[in-house]
Each structure stands twice: as C-alpha cells, then as structure tokens.
Amino acid sequence: MSTENLPQNPEQPPRKPRVAVVFGGRSSEHGISVVTAGAVLKAIDRTKYDVLPIGITAEGRWFLTADEPERMAITDRRTPSVDQLAESTEGGVVLPVDPANREVVYSEPGSVPKALGEVDVVFPVLHGPYGEDGTLQGLLELSGVPYVGSGVLASAVGQDKEYMKRVFTSFGLKVGPYVVIRPREWQQDESAARKKIIDFAGEHGWPLFVKPARAGSSIGITKVDDLSGLDEAIAEAQRHDPKILVEAALTGREIECGVLEFEDGPRASVPAEIPPPDAHAYYDFEAKYIDSTPGIVPAPLTGEETAEVRRLAVEAFEAASCEGLVRADFFLTEDGDFVINEINTMPGFTPISMYPQMWQASGVGYPELVDRLVQAALRRPTGLR
C-alpha cells in the first residue's frame with residue numbers, strides 16, 4: 001500500500017495517510033520510548049500525514065495523549081511518562097482486531113464509544129518487551145494495519161539476545177562467548193546455575209557482563225570484575241527479566257552501523273564508533289541518554305573495514321528477516337575481526353541517538369528518515385510476506 005493507493009472521494013481533496021505514533025509501554029524502557037516519540041512527532045511532515053499520538057502506560061493502558069513534543073524530553077535527568085501526557089485517564093483507546101476495519105475507537109465508562117477515524121499505518125516507537133518484541137506486531141497483524149519496522153519473528157529474535165546469537169551463528173556471523181541462565185535453572189538449583197557462570201568465567205576470564213536476556217538501552221546490565229559482584233549483578237538482571245545472559249568481555253572497539261529499508265532493499269549507513277565513556281565503566285544507560293556521551297561519526301576505519309561492517313550489518317538484517325530499520329552493534333577485535341554483539345529492531349531514535357546520527361552523516365536527515373520508514377510500511381502488506 002502506498003500513499004497514492006489510499007481510497008479517495010473524487011468530490012473531496014485527497015485524504016492524507018493517518019499515522020498513529022504508539023509509545024511508552026510496560027517495559028523498563030518506557031521513558032526513552034516517550035522521548036523517542038517526541039522526536040518523531042516533531043519531525044513528521046504534517047503537510048503529508050495526519051498524526052494520532054497514542055501512549056501506553058507502564059500498567060498497559062492505552063490513552064490518547066497531547067501532541068506536544070516539547071513535553072516529551074528528558075528534564076532534570078528524568079525521563080517523561082505517558083501518565084504525564086494523557087488527555088484523560090478515564091477512557092481508553094482500542095484498536096479493532098478486524099482487518100476490514102481500521103477505525104480506532106475511544107471509550108469512557110458510561111459513554112458511547114467514539115470513533116477516532118481510520119489508521120493507515122502505526123509507527124511503534126516502543127522499546128523492550130511488550131512492544132519491540134513481536135507482541136504489538138502480532139496485534140497489528142491481526143488488525144491488518146501496516147506498521148513501521150520488523151515483523152513478529154524478527155522483532156522477537158531481535159529482543160531475545162540468546163536466540164539472536166543462535167540465528168547469527170547459524171548464518172556464519174561471529175558472536176562472542178556467552179552463557180544463558182533460564183528461570184527454571186535458577187529456581188531448581190541456584191548453586192548449579194551460579195557454578196555454570198563461575199565455570200564460564202574460569203574459561204573466559206573476568207570481567208563478565210551480566211544482562212537481562214530480553215531488555216535494551218543497557219538497562220539492568222552490570223559489568224562484574226570478580227566473584228564478589230556476581231550475586232548482585234544477577235539480582236539486578238533478574239529484576240528486568242527472569243532469563244539472564246552472561247557475556248565474556250571482548251577487547252576491541254565498539255562499532256555501530258544503521259540499516260534502512262529503501263525501495264530497492266536494505267542499505268547500510270556509514271558506521272559510528274562508541275569511544276569508552278570517561279565517567280562510566282561502559283556505555284550504559286546514563287552514558288547513552290542522560291550524559292549523551294558522543295559517538296564518532298563516521299567511525300575512523302579503513303575503507304576495507306567500513307565496507308566490511310556495512311556488509312555484515314545488512315547480512316545481520318537479512319539473517320533475522322528484519323524490515324524497516326535496524327542498528328547493528330559490533331566489536332572490532334584486535335585481530336581485525338568484526339564480532340556482532342546485537343541488533344536493535346527499534347533502536348534509540350532521538351535526534352542525538354546513534355542511528356539517526358549515522359544516517360544524517362549518510363545524507364538522510366531526521367525528517368526524511370521518518371518519512372522513509374512510514375513509506376516503507378505503507379508499501380508493505382500485512383500477513384505472510
């Protein structure tokens with residue numbers, strides 16, 4: 001479906017495509033999602049699209065929100081929330097689970113539900129579980145509504161770091177050493193699960209990175225330098241996800257590359273390098289979003305290295321069956337190998353985030369980036385493809 005294929009009435013001017021920007025959500029990345037939504041709402045071309053902002057609270061309720069991007073910024077080192085932006089907390093927004101009907105409905109207790117009009121495409125800027133992981137994508141597939149970004153499978157693979165690594169390995173991409181502790185392992189025998197990690201450290205050395213297996217924005221991650229910090233790191237990761245991933249530290253440069261879907265297929269941006277932040281042990285949440293540690297764009301790589309990481313980023317995009325956009329994160333090791341760490345199917349998307357910065361340096365500014373993503377979603381059918 002493209003813009004020109006929208007139903008038209010010859011007696012009325014052409015209707016603009018309606019974009020629902022859905023943000024917030026139930027994950028620990030709620031606040032960053034709101035910040036991302038503010039950037040998208042500010043950049044989207046209002047002469048070309050009608051826009052409907054829909055926020056999902058941390059409890060999972062869907063609300064109409066104020067279309068006020070300036071209220072969606074980080075202030076005093078705090079991220080905003082959907083509750084601060086909701087026009088009313090009495091009613092809720094409902095998407096129809098009916099491919100023949102794309103009307104969004106607003107209902108309040110004791111009132112007749114009110115139709116808000118059809119939605120032509122959803123721009124989901126949710127990060128983490130219950131949004132970026134295929135759950136919202138499945139709902140939109142059932143509703144028959146096109147949406148920006150990857151489908152159910154790629155979103156789920158991109159969220160679960162274990163299965164992401166398994167997919168990459170099966171396609172011949174290099175990944176670093178890791179071990180997974182599943183909830184049942186921990187519940188049945190904590191000592192055996194802890195020993196599994198200690199044995200892993202004995203083989204690969206300290207430090208280790210202990211992570212929630214299905215979270216992003218570096219939330220819940222701890223760099224563990226020795227055995228004394230292990231239990232606290234496990235508890236912190238399990239606060240965000242009962243399944244945890246433990247990775248060996250890799251010595252090398254952190255290199256990122258953006259992938260964007262064009263009319264002729266996915267293309268890679270110029271890469272960026274993430275230098276070690278001075279005030280942080282690694283590139284954690286505060287370094288990314290609060291202190292805005294700057295990346296180096298483009299990365300100071302040789303021509304061969306740049307070509308190789310761009311090739312690998314597109315290969316990772318294709319391996320996981322991604323659509324729309326991806327940020328692929330690599331380590332360039334001392335041996336000259338690119339080891340893929342992870343992909344993000346809905347990466348940080350504020351103007352200071354690395355994904356938009358890499359595309360800005362590649363000749364695609366932020367408003368054009370938003371437009372290309374919406375147009376790619378409109379071209380693509382829902383369902384099996």
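Residues numbered from 1 in each chain as written. Predicted model: local features only at pLDDT ≥ 70, side-chain atom pairs only at ≥ 80, totals over all residues. Heavy atoms only, no water.

As annotated in an unreviewed UniProt entry, the protein chain carries the name D-alanine--D-alanine ligase and is attributed to Streptomyces fimbriatus. The UniProt entry for the protein chain carries the following text under Pathway (unreviewed entry): "Cell wall biogenesis; peptidoglycan biosynthesis." The UniProt entry for the protein chain carries the following comment under Subcellular location (unreviewed entry): "Cytoplasm". (UniProt positions renumbered as here; feature names shortened; annotations may be inferred.)

So, on to the sheet that holds strand β8 (residues 178–181). With antiparallel pairing, 4 strands are arranged side by side in an open sheet as β8-β11-β9-β10. Each edge of the sheet is formed by a strand with only one pairing partner; in this case those strands are β8 and β10 (222–224). Each adjacent strand pair in this sheet contributes to an overall mean axis angle of 25 degrees, direction not counted. Note that strand β9 (residues 208–212) and β10 share 3 bridges and pair antiparallel. Within β10, the position partnered with V210 by the bridge is T222. The sheet contacts of helix α6 (residues 190–204) involve β8, β9 and β11 (244–248), and relative to β8 the element is tilted by about 175 degrees. (Pairing = 2+ DSSP bridges. Helix = DSSP H or I, 4+ residues; strand = E, 2+ residues; numbered from the N terminus. Axes fitted to C-alpha atoms, helices over the stretch in contact; angles between N-to-C directions. Contact = heavy atoms within 4.5 Å.)

With that out of the way, let us pick up the nonpolar core. Ranked by internal contacts, the top residues of the largest apolar core, which has 34 residues, are V21, F23, F123 and F349. At the level of secondary structure, the elements contributing two or more residues to this core comprise β1 (18–24), α1 (30–43), β7 (121–124), β12 (252–262), α10 (354–361) and α11 (366–379). Among the elements that line this core, the one with the most residues is α11, at 7 residues. Here V21 is in contact with A37, V40, L41, V51, L52, P53, I54, F123 and V125, once residues within four sequence places are set aside. (Core = buried A, V, L, I, M, F, W, Y, C linked by side-chain atoms within 4.5 Å. Buried < 20%, exposed > 50% of the residue type's maximum accessible area, 1.4 Å probe, protein only.)

What follows is about the pattern of salt bridges. A full pass over the atoms with the stated rule returns 31 salt bridges. With a shortest N-O distance of 3.3 Å, K174 and D337 are connected by a salt bridge. One end of the pair, K174, is in the loop between α4 (161–170) and β8; the other, D337, is in the loop between β15 (325–333) and β16 (338–344), and 163 residues separate them in sequence. What makes K174 partly exposed here is its relative accessible area of 44%. Here D337 falls in the partly exposed class, since its relative accessible area comes to 29%. (Salt bridge = Lys/Arg side-chain N within 4 Å of Asp/Glu carboxyl O.)

Attention shifts here to the packing of aromatic side chains. Per the stated rule, a full pass over the model turns up 5 aromatic pairs. Feature note: the residues F123, F349, Y355 and Y366 constitute an aromatic cluster, connected by ring pairs. The lysine or arginine in question, R267, covers the ring of F262, its NZ or CZ lying 4.0 Å from the ring centre. Above the ring of Y147, the side-chain terminus of R380 is found at 5.8 Å from the ring centroid. (Phe/Tyr/Trp six-rings, centres within 6.5 Å; stacked < 30°, edge-to-face > 60°. Lys NZ or Arg CZ within 6 Å of the ring centre and 35° of its normal.)

Running from amino to carboxyl end, helix α3 (residues 152–159) crosses α4 at an angle of 110 degrees, the nearest separation of the two axes being 5 Å. Between α3 and α4, the angle falls in the class roughly perpendicular. Residues V157, G158 and Q159 of α3 pack against K161, Y163, M164 and V167 of α4. A breakdown of the residues in the contact of α3 with α4 according to their chemical character gives 4 nonpolar, 2 polar and 1 charged. (Parallel < 35°, antiparallel > 145°, perpendicular 65-115°, else oblique. Nonpolar A, V, L, I, M, F, W, Y, C, P; charged D, E, K, R; others polar.)

Backbone torsion omega between W206 and P207 reads 0 degrees, so that peptide bond is classified as cis. Note that P207 resides in the loop between α6 and β9. The backbone of D76 shows a phi angle near 50 degrees, a positive value even though the residue is not glycine. Within the element layout of this structure, D76 appears in the loop between β3 (62–64) and β4 (92–94). Unusually for a residue other than glycine, R77 sits at a positive phi of about 65 degrees. Structurally, R77 is set in the loop between β3 and β4.

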